[in-house]
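Understanding the architecture of this molecule
For reference, the chains in residue letters:
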Amino acid sequence: MTTKITKATPADAFRRARRMWLKGERIHLASLAAELNIGRATLFRWVGNKDLLMGEILWSLYEPVRLQALAEIPGEGVDFVVGVYRRINYTLLHSEPLRRFVHEDPEYALKILTSSQSTLHSRTVEANTRTLRDQVASGHLNPPMNIDSLSYFMVRLAESCLYSDIICGREPREEELEDACTAVRILLGGKA
């Protein structure tokens, strides 16, 4: 009887790294390559560098939250956009793996979560922009400013609340996130 040896795939590398991150384990690409029985060069071809891999892991957790919020929040226009924004950011605020990541390595976390070079940050802005454009196209929203700028400001506002412990040494608070929702409502052209 022969045992079939399966070769690791890029999806295996991603899934393993994601599980490690969710458990709070540090991801070391050399160790991950050894565990998957592949060379480091192969792993780098598959996932890029550690920053890119972390961006993919975080996006894989963010995107389902965003899609669920889009599907479940009722309404349209300003109320809809603010509702989606609130749901996503409250979920992130209470994400234990995310809070752990921020507390264990604040500088690295801030780089991965908020840097303008971060795949997560750029994808978040792009996704938010799509939501705004959809609401404008359907006639439910008429924001008083450029949509691209508005989307960027909304994401930066959320980041300043979610990562206030890193940015200014103050634990993130729900009340502050609710104030951010009010600010977004005003930026969208709604009333406080």
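Residues numbered from 1 in each chain as written. Predicted model: local features only at pLDDT ≥ 70, side-chain atom pairs only at ≥ 80, totals over all residues. Heavy atoms only, no water.

Notes on the nonpolar core
Quick note on the threshold: For our purposes a nonpolar core is just a set of buried Ala, Val, Leu, Ile, Met, Phe, Trp, Tyr and Cys residues, chained together by side-chain atoms within 4.5 Å. Under the scheme applied here, a residue whose accessible area is under 20% of the maximum for its type counts as buried, over 50% as exposed, and between as partly exposed, the area being computed with a 1.4 Å probe on protein chains only. Per the convention used, a helix needs a DSSP run of H or I reaching at least four residues, while a strand needs a run of E reaching at least two, with both numbered from the N terminus. In this description, contact between two residues means that some pair of their heavy atoms is separated by no more than 4.5 Å.
In this structure, I27, F101, L113 and L188 are the most contacted members of the largest nonpolar core, which totals 55 residues. In terms of residues, this core owes the most to one element, helix α5 (residues 77–93), which gives ten residues. Those residues within four positions of F101 in sequence are excluded, and the remaining contacts are W21, M54, L58, Y108, A109, I112 and L113.

Overview of empty space enclosed by the protein
Stated precisely, the cut-off is as follows: Buried and open spaces are told apart on a 1 Å grid over the protein atoms alone, a cavity being a set of points where a 1.4 Å probe fits but cannot get out and a pocket being an open set with protein on both sides within 12 Å along at least five of seven lines. Residues with an atom within 4 Å of a point are the lining residues. Grid points are joined across faces, edges and corners, and a volume is the space filled by probe spheres set on the points. Asp, Glu, Lys and Arg are counted as charged, while Ala, Val, Leu, Ile, Met, Phe, Trp, Tyr, Cys and Pro are counted as nonpolar; the rest, among them Gly, fall into the polar class.
Here the structure, examined in full by the defined rule, presents one cavity of 30 Å³ or more. If you add up the space inside the largest cavity, you get close to 170 Å³. Contributing to the lining of the largest cavity are 13 residues, with W21, E25, R26, F101 and E104 lying nearest its centre. For the lining of the largest cavity, the secondary-structure elements that each account for two or more residues are α4 (50–72) and α6 (96–104). Sort the elements by how many residues they give to the lining of the largest cavity and α6 lands first, with four residues. When grouped by side-chain class, the residues that make up the lining of the largest cavity number six nonpolar, one polar and six charged.

Focus: the packing of aromatic side chains
So the rule is basically this: Two aromatic rings from Phe, Tyr or Trp, using only the six-membered ring of Trp, form a pair when their centres are within 6.5 Å; if the ring planes differ by under 30 degrees the pair is stacked, by over 60 it is edge-to-face, and anything between is tilted. The rule is short: NZ of Lys or CZ of Arg within 6 Å of the ring centre and within 35 degrees of the ring normal puts a charge over the ring.
As enumerated under the stated definition, the model contains four aromatic pairs in all. For the ring pair W21 and F101, a centre distance of 5.7 Å and an interplane angle of 70 degrees mean the geometry is edge-to-face. Linking W21 in helix α1 (residues 10–23) with F101 in helix α6, this pair joins segments that are 80 residues apart in sequence. Here the aromatic cluster, defined as three or more aromatic residues joined through ring pairs, consists of W21, F101 and Y108. Sitting over the ring of Y108, K50 keeps its end group 5.1 Å from the ring centre.

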